[in-house]
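Observations on the model geometry
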Amino acid sequence: MDGWGGPAIDRRAGREPGGAGARKRHGRHYTPDRLARFLADRLLEHLTPGDTLRILDPACGDGELLLALRDAAAQRFPGLPVRATGHDLDPAAVRVARERAAGLDVTWRVGDFLCAAEELADGQFDVVITNPPYVRTQQLGAQTARLLRNRFGLAGRIDLTHPFVASVPRLLRPGGVLGLLCANRFLTTKAGANLRALLCRDLIPVELYDLGDTKLFEAAVLPAVTIAVRPLPGAGGPVTCRYVAAYETPAAGAAGPGPNSAAGAADPVPGPAPAAACAATRPPVAAADDLFAALNAECDTVVRHDGRSIAVRVGTLDCGAAGSVAAERVVPSGGPATVPWRMSQPETDAWLRRIAAGTWRSFGELARIRVGIKTTADRVFISDRWHESHPEPEAELLFDLLTHHDLTPWRITRGRPTRVLYPYDVTRSRRTPVDLSEYPGAAAYLAAHKDLLAARDYLVGGGREWFEIWVPQRPHLWRLPKLVFPDISVAPRFALDRSGAIVNGDCYWISLADLPGSAAEVDRLGYLLMGVANSAVGLRFYDAVCGNRLYSGRRRWITQYVTRLPVPDPCTPAAEALTVLVRDLADGTISDPGPLDELVAAAFGLPG
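Residues numbered from 1 in each chain as written. Predicted model: local features only at pLDDT ≥ 70, side-chain atom pairs only at ≥ 80, totals over all residues. Heavy atoms only, no water.

Examining helix H3 (residues 64-76)
The following threshold applies: Runs of E in the DSSP output that reach at least two residues are strands. Runs of H or I that reach at least four are helices, and both are numbered from the N terminus. Here the expected span of a helix is defined as 1.5 Å times the quantity of residues minus one. Residue burial is assigned from relative accessible area. The probe radius is 1.4 Å, only protein chains are included, and a residue is buried under 20% of its type maximum, exposed over 50%, and partly exposed in between. In what follows, a contact means two residues having at least one pair of non-hydrogen atoms within 4.5 Å.
Over its 13 residues, H3 runs 18 Å from end to end, which matches the ideal 18 Å to within 8%, given 1.5 Å per residue. For H3, the full list of buried residues reads Glu64, Leu65, Leu66, Leu67, Ala68, Leu69, Ala72 and Ala73. Of the surrounding secondary structure, the elements contacted by the buried residues of H3 are helix H2 (33-44), strand S1 (53-57), strand S2 (82-88), helix H4 (91-100), strand S3 (105-110) and strand S4 (125-130).

Now the structure itself:
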């Protein structure tokens, strides 16, 4: 984010040289001044200063956060001397910051903070305020990623936010405060487990703001603010962390599409806000037209911001500690840090415990959830105009391809005849490329694109044939019945496919062959899974437990979340009635889901 590498932002134009591509490469998303002031105010709320306020911004960019903190400290602690350190890799950004901070006692450092941090003394700062660069380390190269993981004790896929935050606890004095602005992805994703673990192990989170789709940044960044304190020696006992989330919601009186409506089936327009429409059980209270005032409110509110209605929900952080609702609903494979953070509210927690009492299995306990194929060369492998190709690959290697455009709740509705060239033996359970000599049309077609395909070094370097696709999945399972659903969708769109089509990488799928039991039992389980996933109960569970949302109410339906969806006992009368209803919906016998939500609720034993 702020100021990692490359040229400084042009503040007058509101954009940096090089455009969005450069911004993405270097992770620069400069902090809006109103957000900087909010972060500074919330941070100082938890600070007891000494005789001097010592501040560090390790990625200071143009100095916005340092200036905001200076101004907030002058109001809160009049006359308190402020001594700051601003660090950034970009000398042009530091020059701008120096000019803007005239009169402030600042030590400016140009260079790589992650290398220089070791030179800073333990406990040197009262406050660290930062909007660190958001750059995935694979963009920096495998060697750099490995060095950062080893040096800072990180695991898996990381971005530069993780080592920046890992450097902070040692530099803060006991009682010192971190004010962190970063992408909200860390709250719920597997990749965010490093950051969640750091914040819980070495610091104490005291305030958390998921700013969701408030669009405070020009770039497509969904930000979060975290305030965390380095504990004092001997401090004990749990600390309650305030958790606030802000997401767009339909205007009062506007009817948003439900999960089973025609409007909910496709995603051309914004749909229902997850917070207000599905998860909140307390009525929102009208607020003044100021987002930041609403963030400081003590109860749920709806506020007009930038011409949109934003639902602001207030609760406390459930980080998956023993005894929490989040811990009850998952069996962690790597400890509590692997559990997504969620907002705890009394009504929602009570509802989740009732769901837990009526849960027989989870989706992940019953079947494997796979992503669709990823070719990494779609323009070569995917087309809806193969008949115009010369040479044309053999029909035996061209398979119908399902994308997110083809999915509605219950059924496949293909909009165009998209097919994929799939050069594998589909009778094999493992990836086995075909012998191209047996398919001269496909061989000639692929040869015409060999330069592009062979340039995929990661594929060829892994011992693969140059004409393969990157993620082929299990070829023999494509011809069997499966549940298919889109990666990104406003509402759930789980559909049954019996056509033998291949699933594209913008979707996920569950092969019914993975489900336990006889053929009849497998069919019933498939209908049961689809019924729960497409219901209001499933949607509310997702929002309460998983909660990875994008702009305009869109959700991520990926493996780590869908595995957690609950399944009721299939042998109860309500579950049996539910499977009959879903079968009729999937077969097209009926189109109105009618009592779906009531049957799902009854199957979990929820009160009517």
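Here's the deal with the packing of aromatic side chains
Going by this rule: Note on aromatic pairs: the rings of Phe, Tyr and Trp (six-membered ring only in Trp) are paired at centre separations within 6.5 Å, and the planes decide the class, stacked below 30 degrees, edge-to-face beyond 60, tilted for the rest. Whether a charge lies above a ring is judged from NZ of Lys or CZ of Arg, which has to be within 6 Å of the ring centre and within 35 degrees of the ring normal.
One pass over the structure, following the stated rule, counts 15 aromatic pairs. Between Tyr458 and Trp470, the ring centres sit 5.0 Å apart and the planes meet at 85°, which makes this aromatic pair edge-to-face. Here Tyr458, found in helix H19 (residues 457-460), pairs with Trp470, found in the loop between H19 and strand S19 (482-486); they are 12 residues apart in sequence, far enough to count as distant. With a relative accessible area of 41%, Tyr458 lands in the partly exposed category. By relative accessible area, Trp470 is classed as partly exposed at 35%. In textbook terms, an aromatic cluster arises when at least three aromatic residues are bridged by ring pairs, as seen for Phe485, Phe494, Tyr508, Tyr542, Trp557 and Tyr561. Its end group placed over the ring of Trp509, Arg370 keeps NZ or CZ at 5.5 Å from the ring centre. Between the NZ or CZ atom of Arg540 and the centre of the ring of Trp351, over which it lies, the distance is 4.3 Å.

A look at the pattern of salt bridges
Our working definition: When a carboxyl oxygen of Asp or Glu lies within 4 Å of a side-chain nitrogen of Lys or Arg, that pair is called a salt bridge.
Using the criterion set out here, one finds 24 salt bridges in the structure. In this structure, the salt-bridge partner of Arg170 is Asp122, at a minimum N-O distance of 2.5 Å. Here Asp122 lies in the loop between helix H5 (113-116) and S4 and Arg170 lies in helix H8 (residues 168-171), a separation of 48 residues in the sequence. A relative accessible area of 32% places Arg170 in the partly exposed class. Across the pair Glu468 and Arg464 runs a salt bridge whose closest N-O atoms are separated by 3.1 Å.

Here we look at the packing of helix H14 (residues 346-357) against helix H21 (residues 536-546)
For any two helices packed against each other, the geometry is given by the interaxial angle and the distance between the axes. Formally: Orientation is described by axes fitted as lines to C-alpha atoms, over the contacting stretch for helices, and by angles from 0 to 180 degrees between their N-to-C directions. For classification purposes, an angle smaller than 35 degrees is called roughly parallel, one larger than 145 roughly antiparallel, one from 65 to 115 roughly perpendicular, and anything else oblique. By the definition used in this description, the sense in which the near helix is turned from the far one sets the handedness, with an anticlockwise turn below a right angle giving left-handed and a clockwise turn giving right-handed. Polar here means any residue outside two lists: the nonpolar Ala, Val, Leu, Ile, Met, Phe, Trp, Tyr, Cys and Pro, and the charged Asp, Glu, Lys and Arg; Gly therefore counts as polar.
As a packed pair, H14 and H21 sit with axes 11 Å apart at the nearest point and diverge in direction by 120°. Looking at the two axes, H14 sits oblique to H21. Like other packed secondary-structure pairs, H14 and H21 cross with a definite hand, here left-handed. For the pair H14 and H21, contact is made by Glu347, Thr348, Trp351, Leu352 and Ile355 and by Val537, Arg540, Phe541, Ala544 and Val545, respectively. Split into classes, the residues belonging to the contact of H14 with H21 amount to seven nonpolar, one polar and two charged.

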